[in-house]
Amino acid sequence: MYRFITNKLLVPSTCARGLDFPAVFVPSTSFHEIRKNGYIDKTQKKVSTRQAIRDGLKELKQEIKNWTAEIKEATMLDPIMTVPLPGEVDAQWFFNQSTNFDDWIVTSDSDHNEGYSTCSLTLSPVGKGLFSGNLSTQLIKDGKVKRAGYCNMKSIRPQKSFKRDSFYDWSIYTHLVMRVRGDGRSYMINLGSAGYFDVNWNDQFHFALFTRGGPHWQVSKIPFSKFYMTSKGRIQDNQQAVPLNRITSFGITAGDKNNGPFRLEIDYIGLERDPTHTEISAYEQYKVPSFYAGY
Amino acid sequence: MAVKFGLSLSQILNRALPKVHNCKLLPGLHIRHIHKNACQFRNKESNQLIVRPSAFNVPEGDRNKETFVEAVKIYTTRPGPRRSQVEFIYSALKEMEEFGVHRDLQAYKEIIDILPKGKYIPTNMFQAEFMHYPKQQQCILDVLEQMEDNGVCPDAETDQMVLNIFGRHGFPTKKLRRMTYWMPKFKNLSPWALPEKIPNSNLEIAKLAVQRMGSVDPATVIEIFQTSELKDAIDDTWIVCGQSSNQKDLLAKLKEKQTVFVEGAFTIWLRRTSINYFILRSEPVPLSEEEQKLRSEFDYDDVSQLRSWIFGEENLTRKDIIVQPSVHEQEDGTILAIAVTGTCSKDSLLSWIRFLERTNPNIANLTILFATNSPLGEVSLAIESNIPSEPLSKITGGSDICK
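Residues numbered from 1 in each chain as written. Chains lettered and ligands numbered in written order. Predicted model: local features only at pLDDT ≥ 70, side-chain atom pairs only at ≥ 80, totals over all residues. Heavy atoms only, no water.

Per an unreviewed UniProt entry, chain B is named Evolutionarily conserved signaling intermediate in Toll pathway, mitochondrial, and its organism is Daphnia galeata. Quoted verbatim from the Sequence similarities (unreviewed entry) field of the UniProt record, the comment on chain B reads "Belongs to the ECSIT family." (UniProt positions renumbered as here; feature names shortened; annotations may be inferred.)

Here chain A is described in UniProt, under the heading Subcellular location (unreviewed entry), as follows: "Mitochondrion".

The structure is reproduced here in structure tokens:
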């Protein structure tokens, strides 16, 4: 939307990924021009080039400020202080009154007329984040949709100054720590690791978030090594460790095929470093037989 | 010099004089028209894209595993050549939920077994690469997909079956093997284990729910009360109550006239079943102003404030250090007990408090408020007891609970 316009204006799309590939030849059959493949917001208004330049220039001042802060941080940060001690949790996201909920994208299948599920991410009565809604596996009768029933919340892509896409660097951490209060359902944690090439845009790492249910809060500590890799939701034969320095998004999905309301209260989503945890990937890394996984 | 005009001689002839060309001049090159004898199929099912085979036309009450297996058997043992297998499998897939066999491995095996063994196995690498018998392969892929969606993991026999149908290069074989690799990895992953089959009885479900919620404190004791033991109870039902010794201590420490809330009903899901529960909660104890000030002003990163016991600097009366609160003392309230009642009625909750009073005498000194809302979650209101209650439909939300 707005970001897209300024992005186009200020930064050429080829260097927006943060990598310098001079020229890339992509086979035409796998070429995806738009990231949200097929799911474009049709209500979005087209802005003239003149207007786009005006809007872009308005943001220039703030972007220069951001850039200055980045340079300062890079030169002045003491790297030793950034390594957390074992047992310390670095909160990546807190949910409280001051949380900006615009930093989260909340979607469900009803957004694109593909189902009847609805959801929202709001402030709960006790002042925490509340991801709740109603799951419905009822199908839209359009003859195309085969399955329905998902609700999803996802963090927006981190950006550097001048709207350059950036990554979360979690490489010093080994565990994901979350304090949540669920309703007994199982949820899915999604770590997006969109790569440079379009075939890697939909690479994600998943693990289940089991909730106890009941009035008590729970702290879930999940090693990153347990996350398994999927592409467009399909689990892959060739597994790899989570590229923790290139995380593009964090998300939680509710889609356990049980019709009815769901409720997940989130206090914080944090990261922890456990030096004793040396496992990189919990899944077998053996080579898949030839012509089995596509090559 | 030969000039090619784009059409060969025989094609020109064919266009100009089709009859002559076909019948007289070049009798060996005539086009063979294939006519199917319509009478052969006339008595079969109507020519529709999606057929609901007559085999599945079972009266609603008789739809179960036996009739499903029987329907498949009727199809496979029909005399004559077997036709439209893929269509039959697709319609069987659609019917499975109605017959209540969508989580039954045996039923899936029956429908996979319809396809012939050996015929669809590719014999060279081109066939293997270009999806030999694509409709049949896609059909079994869809069967496996439905199994995956319903959490049915294929076994060794299914593997052998699919292997015999499509061979080791078949896409269904690959999918099946991926399923047998991944599905067992996540099957028993939940730290709150549940029995393979959730029991039908509401009481048993309630026990499981309270046990699961109480697992936060290992000292939780689950008690089952019968309201018939009480004199004044209107409802005759059961109450499953979970309370630990820590919660009893917390309840005993509450001051006289302090308000405690009976809140609910909240929902807990046990796999595909949900049940409503109630809690007894007291407001969190706010910190005194002095404590709040101490905590907000104390700088934990200030190294100069470090005190060592070696030099006698350690002050044991420091007020910023407190005993770690128990799991029940949360920032949004202290959880004192959890209960599931058979009727979810206000009267049953009253009975629950009376039962709690036997082991927690301090309740007599407290003000009990039956709250209609809660900061802890959405609440579905308890039922008034004069309305005839329907315990089965009120307490469970799961659709497949009665199966």
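So, next bit.
A.B. asks: So, the UniProt feature "coiled-coil region" (unreviewed entry) in chain A: which residues are in play, and what are the values?
C.D. replies: Mapped onto this numbering, the UniProt entry gives "coiled-coil region" (unreviewed entry) at residues 50-77 of chain A. Taken end to end, residues 50-77 of chain A is 96% helix and 0% strand, and its first and last C-alpha atoms sit 40 Å apart. (Helix = DSSP H or I, 4+ residues; strand = E, 2+ residues; numbered from the N terminus.)

A.B. asks: Go over the interface of chain B and chain A, please, and point to the residues and values.
C.D. replies: Counting residues at the interface gives 39 residues for chain B and 40 residues for chain A. Of the roughly 3300 Å² buried between chain B and chain A on both sides combined, carbon and sulfur atoms contribute 52%. Looking only at chain B, the three residues that lose the most surface to chain A are Trp182(B), Trp192(B) and Trp269(B), adding up to 20% of its buried area. At the boundary of chain B and chain A, one finds 8 salt bridges. Residue Asp237(A) pairs with Arg178(B) through a salt bridge whose shortest N-O separation is 2.5 Å. Connecting chain B to chain A are 19 residue pairs in polar contact (both at pLDDT 80 or more). Elements with a minimum of two residues in the side of chain B that touches chain A: α7 (134-149), α9 (171-187), α10 (202-214), β3 (259-270), β4 (273-282) and β6 (333-341) of chain B. Per element, the largest residue contribution to the side of chain B that touches chain A is 9 residues, and it comes from α9(B). The residue inventory of the side of chain B that touches chain A, partitioned by class, reads 17 nonpolar, 8 polar and 14 charged. (Contact = heavy atoms within 4.5 Å. Buried area = accessible area lost by both parts, 1.4 Å probe. Salt bridge = Lys/Arg side-chain N within 4 Å of Asp/Glu carboxyl O. Polar contact = N/O pair within 3.5 Å; in protein donor to acceptor, adjacent residues only side chain to side chain. Nonpolar A, V, L, I, M, F, W, Y, C, P; charged D, E, K, R; others polar.)

A.B. asks: Tell me about the domain arrangement of chain A, and name the residues and values.
C.D. replies: All names here are of chain A. Parsing chain A into structural domains produces domain 1 (24-77) and domain 2 (84-272). Averaged C-alpha coordinates put domain 1 and domain 2 at centres separated by 24 Å. At the junction of the two partners, domain 1 supplies 17 residues and domain 2 supplies 16 residues. Note on domain 1 versus domain 2: buried area summed over both sides is about 1300 Å², and carbon and sulfur give 55% of it. At the boundary of domain 1 and domain 2, one finds 3 salt bridges. Put simply, Glu-63 and Lys-163 hold a salt bridge, and the shortest N to O gap is 3.8 Å. Partitioning the side of domain 1 that touches domain 2 into residue classes produces 8 nonpolar, 4 polar and 5 charged. (Domains from an automatic or database assignment.)

A.B. asks: Can you explain the packing of helix α3 (residues 65-76) of chain B against helix α4 (residues 85-99) of chain B? Please cite residues and give values.
C.D. replies: All names here are of chain B. Contact geometry for α3 and α4: axes closest at 11 Å, N-to-C directions at 170 degrees. Taken together, the axes of α3 and α4 lie roughly antiparallel to each other. Counted together, Lys-65, Thr-67, Phe-68, Ala-71, Val-72 and Tyr-75 of α3 and Gln-85, Phe-88, Ala-92, Met-96 and Phe-99 of α4 form the full contact between these two elements. For the contact of α3 with α4, the residue count by class is 8 nonpolar, 2 polar and 1 charged. (Axes fitted to C-alpha atoms, helices over the stretch in contact; angles between N-to-C directions. Parallel < 35°, antiparallel > 145°, perpendicular 65-115°, else oblique.)

A.B. asks: Explain the sheet that holds strand β9 (residues 186-192) of chain A to me, and be specific about the residues and the numbers.
C.D. replies: Residue and element names in this part refer to chain A. One open sheet holds the 7 strands; their spatial order is β2-β5-β14-β9-β10-β12-β13, and the pairing between them is antiparallel. The sheet is open, and its two borders are formed by β2 (104-108) and β13 (234-235), each paired with just one other strand. Pairing geometry for β9 and strand β10 (residues 203-210), over 7 bridges, is antiparallel. Within β10, the position partnered with Tyr-187 by the bridge is Leu-209. (Pairing = 2+ DSSP bridges.)

A.B. asks: Report on the pairing of strand β4 (residues 129-135) of chain A, specifying residues and quantitative values.
C.D. replies: Residue and element names in this part refer to chain A. The buried count for β4 comes to 6 of 7 residues, which makes it a mostly enclosed element. Of the strand pairs in this sheet, strand β3 (residues 118-123) and β4 are connected by 6 bridges, and their pairing is antiparallel. Looking at the pairing, Thr-122 lines up with Leu-130 of β4. A loop of 5 residues connects β3 with β4, the two strands running antiparallel in sequence, and Gly-127 in this loop sits at a positive phi of about 85 degrees. In the sheet, β4 pairs with strand β15 (residues 260-272) via 7 bridges, with the strands oriented antiparallel. Looking at the pairing, Leu-130 lines up with Glu-265 of β15. (Buried < 20%, exposed > 50% of the residue type's maximum accessible area, 1.4 Å probe, protein only.)

A.B. asks: Let's hear about the packing of aromatic side chains: which residues, and what values?
C.D. replies: All chains considered together, the criterion is met by 29 aromatic pairs over all chains. Arranged with centres 6.0 Å apart and planes meeting at 70 degrees, the rings of Phe94(A) and Tyr268(A) form a pair that is edge-to-face. Here the residue Phe94(A) occupies a position in strand β1 (residues 89-94), and Tyr268(A) occupies one in strand β15, the gap between them amounting to 174 residues. You can call Tyr268(A) buried: its relative accessible area is 16%. Ring centres 4.9 Å apart and planes at 45 degrees place the aromatic pair Tyr228(A) and Phe186(B) in the tilted group. Placement of the pair is Tyr228(A) in strand β12 (residues 228-231) and Phe186(B) in helix α9, with the two residues belonging to separate chains. Ring-pair connections join several aromatic residues into one group, and the members of that group are Trp93(A), Phe95(A), Phe101(A), Trp104(A), Tyr168(A), Trp170(A), Phe207(A), Phe224(A), Phe227(A) and Phe250(A). (Phe/Tyr/Trp six-rings, centres within 6.5 Å; stacked < 30°, edge-to-face > 60°.)

A.B. asks: Could you give an account of a nonpolar patch on the surface, with specific residues and numbers?
C.D. replies: On the surface, Met125(B), Phe126(B) and Phe130(B) cluster together into a nonpolar patch covering about 440 Å² of accessible area. In this fold, Met125(B) is placed in helix α6 (residues 125-129). (Patch = residues over 30% accessible without salt bridge, like charges linked within 9 Å, V, L, I, M, F, W, Y side chains within 5 Å. Areas by Shrake-Rupley, 256 points an atom, 1.4 Å probe, with all protein chains shown as cover.)

A.B. asks: Kindly report on the pattern of salt bridges, identifying the contributing residues and their values.
C.D. replies: Residue and element names in this part refer to chain B. Considering all chains together, one arrives at 32 salt bridges over all chains under this definition. Glu-157 serves as the salt-bridge partner of Lys-109, at 2.8 Å between the closest nitrogen and oxygen. With Lys-109 in helix α5 (residues 105-112) and Glu-157 in helix α8 (residues 156-166), the pair connects residues that are 48 residues apart, well separated along the chain.

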